[in-house]
Amino acid sequence: MKILFMGTPDFAVASLRALAEAGHELVGVFCQPDKPRSRMKVTACPVKEYALDHEIPVFQPEKLRDGEAMKTVEALAPELIVVAAYGRILPDEMLAYPKLGCINVHSSLLPKLRGAAPINWAILNGERETGVTIMHMAHDLDAGDIILQRATPIEPDETARALYDRLAELGGQLVTEAVDAIEQGTATRTPQDESKATLAPMLTRELSPMDFSRPAQALHDQVRGLCPWPAAVMELDGLRCKVLQTALTGETTSKTPGSVVQADNKKGLKIACGDGKVLELVTIQPDGKKAMLATAFLMGHPINL
């Protein structure tokens, strides 16, 4: 099948690779324009790198609504457009062009968690499972009819980064199944239940500060859900630190939430939480320093209880 693929980050590479390995004719790739990583260097996105390595034509339109991008689509003449984390909203004329339509790889169990950061919000919200949905694209964001959907459990200590990698691979598996079904004329269309729709907005640094009046589980989920960016942050011994890994201890305390319960450079660093439970800080990163174990931090910054 002649497919135009649209995607930008490494999450999308798994889907692009799966389609290529399945033998589909990838007539081109749309990805976002290169962004400068420093004043002297511009870095290509992961999808572009994969496409160039496999001799797939790459297009990086600045805009999708000026008519030029649509001319490119018409020249490529795809039968199907596949989108995975492209980061742009397709205009209606583009959605309507391919004879087999446009499909999207979305990393949640729609209609839950529509939007830009579903993987992070699944963890932030304390969900026990999430998954990938392949859907027909529609005018409204992430609201199209579902073709395929598959769930996967979220592990208790799994970070957003680790879950991101797992869902990327699951997305690659599902999108090839969906394309096969479309090619065979057996793809289904299941409308989403709008009453169950929730949102997963873009992450901001405003989500980072840790409030230890909250329960230990919620703080553990915050750390996991904001890893690697923007990361949970707190002040420790007068230093602002990113908190990159925590552990639920199962211990309880009567200390005031936010108080240090244990600060031992061998046994670890533990903080009291709002539900009377204790959260261990495992890996932290003080401003201006590299990430380190909390025990290593305590060797250079002993905290007196």
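See the structure printed just above.
In this report, the structure presented in the accompanying data block is examined. (Residues numbered from 1 in each chain as written. Predicted model: local features only at pLDDT ≥ 70, side-chain atom pairs only at ≥ 80, totals over all residues. Heavy atoms only, no water.)

**Considering the nonpolar core**
For the record, the criterion: Only buried residues count toward a nonpolar core, which is a set of Ala, Val, Leu, Ile, Met, Phe, Trp, Tyr and Cys residues joined through side-chain atoms within 4.5 Å. We call a residue buried when its accessible area falls under 20% of the maximum for its residue type, exposed when it is over 50%, and partly exposed in between, using a 1.4 Å probe and counting protein chains only. We call two residues contacting when some pair of their heavy atoms lies within 4.5 Å.
Counting 47 residues, the largest nonpolar core has Phe5, Val47, Val82, Ile103, Ile134 and Val179 as its most contacted members. Sequence-distant contacts of Val179, defined by excluding residues within four places in its chain, comprise Met1, Ile3, Leu19, His24, Leu80, Val82 and Ile103. Leu279, Leu281, Ala294 and Ile303 belong to the second largest nonpolar core, which has 21 residues in total.

**Focus on the side chain of Thr130**
Quick reminder of the rule: Under the scheme used here, helices are H or I runs from DSSP no shorter than 4 residues and strands are E runs no shorter than 2 residues, and both carry numbers assigned from the N terminus.
Its place among the elements puts Thr130 in strand 8 (residues 129-136). Setting aside residues no more than four positions away along its own chain, Thr130 makes contact with Ser107, Ser108, Leu109, Ala122, Arg150, Ala151, Thr152, Ile154, Leu163 and Leu167.

**Some details on the pattern of salt bridges**
The criterion, for reference: Salt-bridge detection follows one rule: a side-chain nitrogen of Lys or Arg within 4 Å of a carboxyl oxygen of Asp or Glu.
Inspection of every chain in the model, using the stated rule, returns 14 salt bridges. Residues Lys112 and Glu127 are paired through a salt bridge, measuring 3.3 Å at the closest nitrogen-oxygen approach. Separated by 15 residues along the polypeptide, Lys112 in the loop between strand 7 (102-106) and helix 5 (118-124) and Glu127 in the loop between helix 5 and strand 8 bring together distant segments of the chain. A relative accessible area of 40% places Lys112 in the partly exposed class. For the salt bridge of Arg166 with Glu158, the shortest nitrogen-to-oxygen distance reads 2.7 Å. Of the residues examined, Arg166 reaches a relative accessible area of 32% and is grouped as partly exposed. Judged by relative accessible area, which is 9%, Glu158 ranks as buried. Within the structure, one salt-bridge network assembled from shared partners comprises Asp10, Arg161 and Asp165.

**Describing helix 2 (residues 46-53)**
As a reminder of what qualifies: Read the arc as the range of directions from the helix axis to the C-beta atoms.
Along helix 2, the residues classified as buried are Val47, Lys48, Tyr50 and Ala51. Viewed end-on, helix 2 has its buried residues packed into an arc of 165°, placing them on one side of the element. Residues of helix 2 that are buried make contact with strand 1 (2-7), helix 1 (10-21), strand 2 (25-30) and strand 5 (58-59). At the C-terminal side of helix 2, Glu55 shows a positive phi close to 55°.

**Regarding the sheet that holds strand 1**
Formally: Being paired, for any two strands, means DSSP has found at least two bridges between them. To obtain an axis, a line is fitted to C-alpha atoms, over the contacting stretch when the element is a helix, and the angle between two such axes runs from 0 to 180 degrees between their N-to-C directions.
Strand order in this open sheet of 7 strands is 5-2-1-6-7-8-9, and the pairing throughout is mixed. The two strands at the open ends of the sheet, each matched to only one other strand, are strand 5 and strand 9 (146-153). Pairing geometry for strand 2 and strand 5, over 2 bridges, is parallel. Bridging across to strand 5, Phe30 finds its partner in Phe59. On the sheet, helix 3 (residues 68-76) packs against strand 1, strand 2, strand 5 and strand 6 (80-84) and is oriented at approximately 170° with respect to strand 2. Packed on one face of the sheet, helix 6 (residues 160-184) meets strand 1, strand 6, strand 7, strand 8 and strand 9 and runs near 150° to strand 9.

**Observations regarding the packing of helix 1 against helix 6**
The condition that has to hold: Each angle receives one of four descriptions, namely roughly parallel if under 35 degrees, roughly antiparallel if over 145, roughly perpendicular if within 65 to 115, and oblique otherwise. Crossing handedness: left-handed means the near helix sits turned counterclockwise from the far one by under a right angle, and right-handed means the same turn made clockwise. Throughout this entry, Asp, Glu, Lys and Arg are counted as charged residues, while Ala, Val, Leu, Ile, Met, Phe, Trp, Tyr, Cys and Pro are counted as nonpolar. The remaining residues, Gly among them, count as polar.
At a closest axis distance of 8 Å, the pairing of helix 1 and helix 6 adopts a crossing angle of 30°. Classified by the angle their axes make, helix 1 and helix 6 are roughly parallel. The crossing of helix 1 and helix 6 is right-handed. When helix 1 is examined against helix 6, the residues Asp10, Phe11, Ala14, Ser15, Arg17, Ala18 and Leu19 are found in contact with a partner set consisting of Arg161, Tyr164, Leu167, Ala168, Glu169, Gly171, Gly172, Val175, Thr176 and Val179. A per-class count over the contact of helix 1 with helix 6 returns 9 nonpolar, 4 polar and 4 charged.

**Quick look at the packing of aromatic side chains**
Put simply, the test is: Pairing of aromatic rings covers Phe, Tyr and Trp, the last through its six-membered ring, and needs centres within 6.5 Å; plane angles under 30 degrees mean stacked, over 60 mean edge-to-face, and all others mean tilted.
Tallied over the full model, the rule gives 2 aromatic pairs. An angle of 65° between the planes, with centres 5.6 Å apart, marks the rings of Phe11 and Tyr164 as edge-to-face. Here Tyr164 lies in helix 6 and Phe11 lies in helix 1, a separation of 153 residues in the sequence. Note on accessibility: Phe11 and Tyr164 belong to one class, buried.

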